[in-house]
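Notes for the structure review
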Protein chains: 4
Amino acid sequence: MIQITLIQIDNYGPWTVTPSPRFEPDLQTLQSRLYADLEREFGSHGGIVFYNRFDNLIAISNGIGEEEHRKIQESIRNRYPITISMGIATRKTALEAQRVATEMIQKGGGAQSSERREILNIDSLANEEESRVQISHIDINNITKTLTDVETAYDTSIKVYEVLVELMKELKKLGGLCFFIGGDNYMAPSNGITKNDLREALKNVDKNTGVTLKAGVGIAKTGGRAADLADLGLEDIRAGLTEDSVLIFHD
Amino acid sequence: MIQITLIQIDNYGPWTVTPSPRFEPDLQTLQSRLYADLEREFGSHGGIVFYNRFDNLIAISNGIGEEEHRKIQESIRNRYPITISMGIATRKTALEAQRVATEMIQKGGGAQSSERREILNIDSLANEEESRVQISHIDINNITKTLTDVETAYDTSIKVYEVLVELMKELKKLGGLCFFIGGDNYMAPSNGITKNDLREALKNVDKNTGVTLKAGVGIAKTGGRAADLADLGLEDIRAGLTEDSVLIFHD
Amino acid sequence: MIQITLIQIDNYGPWTVTPSPRFEPDLQTLQSRLYADLEREFGSHGGIVFYNRFDNLIAISNGIGEEEHRKIQESIRNRYPITISMGIATRKTALEAQRVATEMIQKGGGAQSSERREILNIDSLANEEESRVQISHIDINNITKTLTDVETAYDTSIKVYEVLVELMKELKKLGGLCFFIGGDNYMAPSNGITKNDLREALKNVDKNTGVTLKAGVGIAKTGGRAADLADLGLEDIRAGLTEDSVLIFHD
Amino acid sequence: MIQITLIQIDNYGPWTVTPSPRFEPDLQTLQSRLYADLEREFGSHGGIVFYNRFDNLIAISNGIGEEEHRKIQESIRNRYPITISMGIATRKTALEAQRVATEMIQKGGGAQSSERREILNIDSLANEEESRVQISHIDINNITKTLTDVETAYDTSIKVYEVLVELMKELKKLGGLCFFIGGDNYMAPSNGITKNDLREALKNVDKNTGVTLKAGVGIAKTGGRAADLADLGLEDIRAGLTEDSVLIFHD
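Residues numbered from 1 in each chain as written. Chains lettered and ligands numbered in written order. Predicted model: local features only at pLDDT ≥ 70, side-chain atom pairs only at ≥ 80, totals over all residues. Heavy atoms only, no water.

All right, on to the overall build of chain A then. Scanning chain A for helices and strands turns up 8 helices and 10 strands. Computed over the C-alpha atoms, the radius of gyration of chain A is 19 Å, within 12% of the 18 Å expected from 2.2 N^0.38 for a compact globule of 251 residues. Each of the 251 residues in chain A was classed as buried or not, and the buried ones make up 67%. If you take every contact in chain A between residues at least 6 apart in sequence, the share linking residues at least 24 apart comes to 69%. As presented, chain A carries roughly 8,200 Å² of accessible surface, and 46% of it is formed by carbon and sulfur atoms. Side chains of chain A carry 28 positive and 37 negative charges; the gap between the two charge centres is 3 Å. (Helix = DSSP H or I, 4+ residues; strand = E, 2+ residues; numbered from the N terminus. Rg over C-alpha atoms; globule rule 2.2 N^0.38 Å. Buried < 20%, exposed > 50% of the residue type's maximum accessible area, 1.4 Å probe, protein only. Contact = heavy atoms within 4.5 Å. Areas by Shrake-Rupley, 256 points an atom, 1.4 Å probe, with all protein chains shown as cover. Lys, Arg positive; Asp, Glu negative; His and termini not counted. Charge placed at Lys NZ, Arg CZ, Asp CG, Glu CD.)

And the structure:
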């Protein structure tokens, strides 16, 4: 069971233009610092956060309870000009968990409601025993030599985001999610996706985009540890220890 | 003439896995803090930075000279475990400027070269007189009511990134660039793109993705100021002061 | 029993001047960010950190074990150009605990040794049962009206630091420590100091410096919670709920 | 002429306890991040900021005009839950400049007034020609071997803060200011203080505290550059290039 927390800035859109549009570099700083801070808060309890759209962030939060979530909300309120609401749900797949987590937020009020403030709606928390996170760390083979060092920065970026969208759609079919994490790297919470299915999904994206993808997969009690194991898998593929495009490690 | 700085972390890929893969939440924090810091450094001199792929960032740097660039490199070296290289170029269109800026970086060495360190290769700087930045701030009409508050967080994200890729490709045809800046917002350095062409480009993306886009456009001496004006344009469209999907302001 | 972690930047002095002196505003940023980050890491596990001298920081770390300490060291190494060593000790008084924690660091090598790196020397950890932190939050009565709003900023600062030194010495006699935490506020880990003794200590400082001090005292299992309770005590004195200069709350 | 900006958080005391006392680690993070951010903003324009009391910060701001100051206020408002007011004054000595800068703030309202918000009161700005900053970087001889590596962390801290208070008082007599900047380092804006007078002042502090102090002095158009030169002076003394306790460099 994977536990997902959807984090949404309260009434953010209206705030950014009140009383008049705020300086964009300030907003960009605010958003990336908020993300970094949430990453630290969840990360220090074994979780991991994806910035997603920056005003809607998605965390793998297995092992993190109600009290810690409230503490995080409080800590943001104490240091930022904005507040955050959260919805939490635990399900067999990441797709389902985020669906219910979204509902939890939505039933607390709209993203641009000036009344909603620091909602914490919990559908379910993963207990220690059933807690299980599967994360796939996917990257593009040899991107430095084929793109970064020879194409323009922008053309490389187009390719990287094209791959992202294909991965997002392809993994959704299997009950997974996918996020861009910088460079040519993607992380996919992928509970319940088999090695075969993942291998096929990567091949489909390869075909549609012209790159070649590989994935290390980690399975563990928490998101942070699963990501660690996924990294190790990816390293072994890079090192040529397997010819498979997918390698799974679990605790 | 728009001046673009391409910023690349030196030898970042290898560093992230040496001696073994570093904890992903730490890397995510590092990347988003680095971006926030660069945003502040460029922002405090009138520029604006887009995170792009986090290890390759793109700044609109009109008005910022060699000395300031060196100072920024030094400041990063003094506070981070990594260093950055930069290429700078000034051209009539953003696409051309980033192309040459990329070449400037590439001729300094590969992104994964352990020898390259803090290269600063300048093709050209915009002088005060010819300096001119056009930025379009694009967003999706009514996303909160049609997506955020009714669809799942992930489905909304797929749509938002799909629109991004379409915008990236569409604007490239016109010599522009496009970046995601959070929420449902995109910023497009768009020197030389006419109101008509931009309106058509948005329509094409609308057609391919099923959303409706609008754009405020700002033209000014610096990126920061152009972004400000673009925000004002967008606000006026939102407020219904025009029925056009594009509104341009310049100093 | 109070558990104290002494945190020391490895070989920091030499680093700041290699290859030539680094830009002071960069170093100031580095130090204050490092402090903020350590505050977050320890804070998210119920601890509290005092910046002390910025390159030697002192944390109340009850409830935080070896594994978390290692994780914090790793997280700093992954995001900063420097590393940190730590010594941990648990004793009946804060003064004793920091004394032994210092020894733990010192036996790992000198502060300017280029060989010492990420030492973690643990004398003792507080177990759940015996864990007990007493913190006094001390401030100056009515400083805004008597100093901040009427004297120069510098004269107010001299007074505030003069009070700090007096408090540091006075509390040491009783087995306590004292740190400046901004404004006119001081925090004193003060396990084992009675209400009477604290009241007397404040009076002695009053006499030597011409201000009037008061203190809220909190007693709890962790440093963070003890600080919370101390704040509540101070608020009640401010609100006139007692005429005593000291008020103690415990869980 | 030295230009000093006094920065004061608006109504900070009341905010920290509204509606109830905020979590101390959050406040410590807020304060140190705010300081780091102000250091970056002023630093990127050649200035330097001292945290002083964290809610009252002092910047050497030569070369930084009204517009930049407003931009900094705006940037803080856009990213923090608090706002800042500023007073600016230019005088022959740092002591005088901060005195007038304090008056500029005070006449805008009290530090705990809920009405005062983002005051920017300028008595005078240094013009390019007359701009001149003298900064002394002072440290304790051989502190690592005599204190850090042999005494307890706390005893070393007591000594370091004792020296601070003595320096603050001694330099005030000569029209200077003094701030602690971490480790065993102090920075003293010291316009108009001669080499002889500074040497005497250090000797007086030596006598009262039992340490031996030395100082590199830098004189330049801006605070950042003066600090750089002061660092170089200190390095040369450390390297034994002079037997004097004071060494001055200027552009």
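The discussion continues.
So, on to the sheet that holds strand β9 (residues 213-220) of chain D. Residue and element names in this part refer to chain D. The strand order across the open sheet built from 5 strands is β7-β8-β6-β9-β10, with neighbouring strands paired in mixed fashion. Of all the strands in the sheet, the pair left with one neighbour each is β7 (179-180) and β10 (246-250). Packing against the sheet, helix α6 (residues 153-172) makes contact with β6 (133-140), β7, β8 (185-189) and β9, and its axis sits at approximately 10 degrees to β8. Each of β6, β9 and β10 touches helix α7 (residues 195-209); the most contacted strand, β9, lies at about 150 degrees to it. (Pairing = 2+ DSSP bridges. Axes fitted to C-alpha atoms, helices over the stretch in contact; angles between N-to-C directions.)

For the pair chain B and chain A, the best superposition has an RMSD of 0.0 Å and corresponds to a rotation of 180 degrees with a translation of 0.0 Å parallel to the axis. With respect to symmetry, the two chain copies, as superposed, fit the operation of a two-fold axis. Taking the C-alpha atom as reference, chain B places S32 of chain B closest to the rotation axis, 2.7 Å from it. Looking at chain B, 100% of its interface residues are interface residues in chain A too, so the copies touch through the same face. (Least-squares fit on C-alpha atoms with pLDDT ≥ 70 in both.)

Turning our attention to the interface of chain B and chain C. In many analyses, interface size is given as the accessible surface area lost on bringing the parts together. With 16 residues of chain B in contact, the opposing surface of chain C contributes 16 residues. Each partner contributes to the roughly 1,400 Å² buried at the junction of chain B and chain C, and carbon and sulfur atoms together form 46% of this total. Among the residues chain B hides against chain C, the three largest losses belong to D26, N78 and R79 of chain B. Together they make up 42% of the total. Linking chain B with chain C are 2 salt bridges, by the criterion used here. One salt bridge connects R33 of chain B with D37 of chain C, and the closest N-O pair in it is separated by 3.0 Å. Taken together, the connections running from chain B to chain C amount to 6 residue pairs in polar contact (both at pLDDT 80 or more). Contributing elements (two or more residues each) for the side of chain B that touches chain C: α2 (24-43) and α3 (66-77) of chain B. Among the elements that line the side of chain B that touches chain C, the one with the most residues is α2 of chain B, at 5 residues. The residue makeup of the side of chain B that touches chain C, split by class, is 5 nonpolar, 3 polar and 8 charged. (Buried area = accessible area lost by both parts, 1.4 Å probe. Salt bridge = Lys/Arg side-chain N within 4 Å of Asp/Glu carboxyl O. Polar contact = N/O pair within 3.5 Å; in protein donor to acceptor, adjacent residues only side chain to side chain. Nonpolar A, V, L, I, M, F, W, Y, C, P; charged D, E, K, R; others polar.)

Each copy of the sequence occupies a distinct position, and chain B is placed on chain C by a rotation of 180 degrees and an axial shift of 0.0 Å, giving an RMSD of 0.0 Å. Mapped onto chain C, 100% of the interface residues of chain B again fall at the interface, so both copies present the same surface.

Residue and element names in this part refer to chain B. The mixed open sheet is built from 5 strands, whose spatial order is β2-β3-β1-β4-β5. Each edge of the sheet is formed by a strand with only one pairing partner; in this case those strands are β2 (48-50) and β5 (120-122). Ignoring which end each strand starts from, the neighbouring axes of this sheet average 20 degrees apart. Relative to strand β4 (residues 84-91), strand β1 (residues 2-9) runs antiparallel, the two being bridged by 8 bridges. Paired with L6 across the bridge in β4 is G87. Against the sheet, α2 touches β1, β2, β3 (56-60) and β4, its axis set at about 155 degrees to β2.

A few words on unusual backbone geometry. In the segment running from T18 of chain C into P19 of chain C, the intervening peptide bond is cis, with an omega of 0 degrees. By the secondary structure assignment, P19 of chain C is in the loop between α1 (12-16) and α2 (24-43). With phi around 55 degrees, N11 of chain A is a residue other than glycine that occupies positive phi space. Inspection of the secondary structure assignment puts N11 of chain A in the loop between β1 (2-9) and α1 (12-16). N11 of chain A sits in the buried class, given a relative accessible area of 19%.

Our focus in this paragraph is the packing of α2 of chain B against α3 of chain B. Residue and element names in this part refer to chain B. Axis separation between α2 and α3 bottoms out at 11 Å; the angle between their running directions is 150 degrees. By the angle class used here, α2 and α3 are roughly antiparallel. Every pair of crossing elements has a handedness; the one defined by α2 and α3 is right-handed. Within the contact between the two elements, α2 uses L34, L38, E41 and F42 and α3 uses H69, I72, S75 and I76. Across the contact of α2 with α3, the residue classes break down as 5 nonpolar, 2 polar and 1 charged. (Parallel < 35°, antiparallel > 145°, perpendicular 65-115°, else oblique. Left-handed = near helix turned anticlockwise from the far one by under 90°.)

Okay, the confidence of the model for chain A next. On average, residues of chain A score 96 in pLDDT, and 100% of them are at 70 or above. Note on the complex model: pTM 0.96, ipTM 0.97. (pLDDT = per-residue confidence, 0-100.)

So, about the environment of V100 of chain D. Residues and elements named next belong to chain D. Among the secondary structure elements, V100 is positioned in helix α4 (residues 94-106). Exposure remark for V100: the relative accessible area of 3% places this residue in the buried category. C-alpha separation for the pair V100 and I122, spaced 22 residues apart in sequence, amounts to 9.5 Å. Discounting chain neighbours no more than four positions away, the residues touching V100 are A89, R91 and D123.

What follows concerns the interface of chain B and chain A. Contacts between the two partners involve 75 residues from chain B, matched on the other side by 75 residues from chain A. For the pair chain B and chain A, the two sides together bury roughly 6,100 Å², of which 59% comes from carbon and sulfur. The interface formed by chain B and chain A contains 8 salt bridges. Viewed at the interface, chain A and chain B are joined by 42 residue pairs in polar contact (both at pLDDT 80 or more).

Okay, the pattern of salt bridges next. Scanning the entire structure with this criterion turns up 96 salt bridges over all chains. Measuring nitrogen to oxygen at the nearest pair gives 2.9 Å for the salt bridge that ties R91 of chain B to D123 of chain B. A residue pair is termed long-range when its members are at least 10 positions apart, and R91 of chain B in strand β4 and D123 of chain B in the loop between β5 and β6 (133-140) qualify at 32 residues. By relative accessible area, R91 of chain B is classed as partly exposed at 25%. What makes D123 of chain B partly exposed here is its relative accessible area of 34%. One salt bridge connects E162 of chain D with K169 of chain C, and the closest N-O pair in it is separated by 2.5 Å. Remark: K169 of chain C occurs in helix α6 (residues 153-172) and E162 of chain D occurs in helix α6; the pair is interchain, linking two chains. Its relative accessible area of 19% is what places E162 of chain D among the buried residues. Each of D26 and R33 of chain A, D37, R40, E41 and R79 of chain B, D26 and R33 of chain C together with D37, R40, E41 and R79 of chain D takes part in one network of salt bridges that share partners.

Its place among the elements puts R40 of chain B in helix α2. For R40 of chain B, a relative accessible area of 6% corresponds to the buried category. One polar contact links R40 of chain B to E41 of chain D, side chain to side chain, over a distance of 2.5 Å.

Our next topic: the side chain of Q98 of chain D. Along the chain, Q98 of chain D falls in helix α4. Setting aside residues no more than four positions away along its own chain, Q98 of chain D makes contact with T152, A153 and Y154 of chain C together with I4 and L177 of chain D.

This next bit is on α7 of chain D. Residue and element names in this part refer to chain D. When the terminal C-alpha atoms of α7 are compared, their 21 Å separation across 15 residues agrees well with the 21 Å that a helix rising 1.5 Å per residue should span. Among the residues of α7, L198, A201, L202, V205, D206 and T209 are the ones counted as buried. Down the axis, α7 shows its buried residues gathered within 140 degrees of arc, on one side only. Opposite the packed face of α7, turned more than 90 degrees from it, sit the exposed residues K207 and N208. Where α7 ends, the next residue or the one after it, G210, has phi of about 85 degrees, a positive value. (Expected span 1.5 Å × (residues − 1). Arc of directions from axis to C-beta.)

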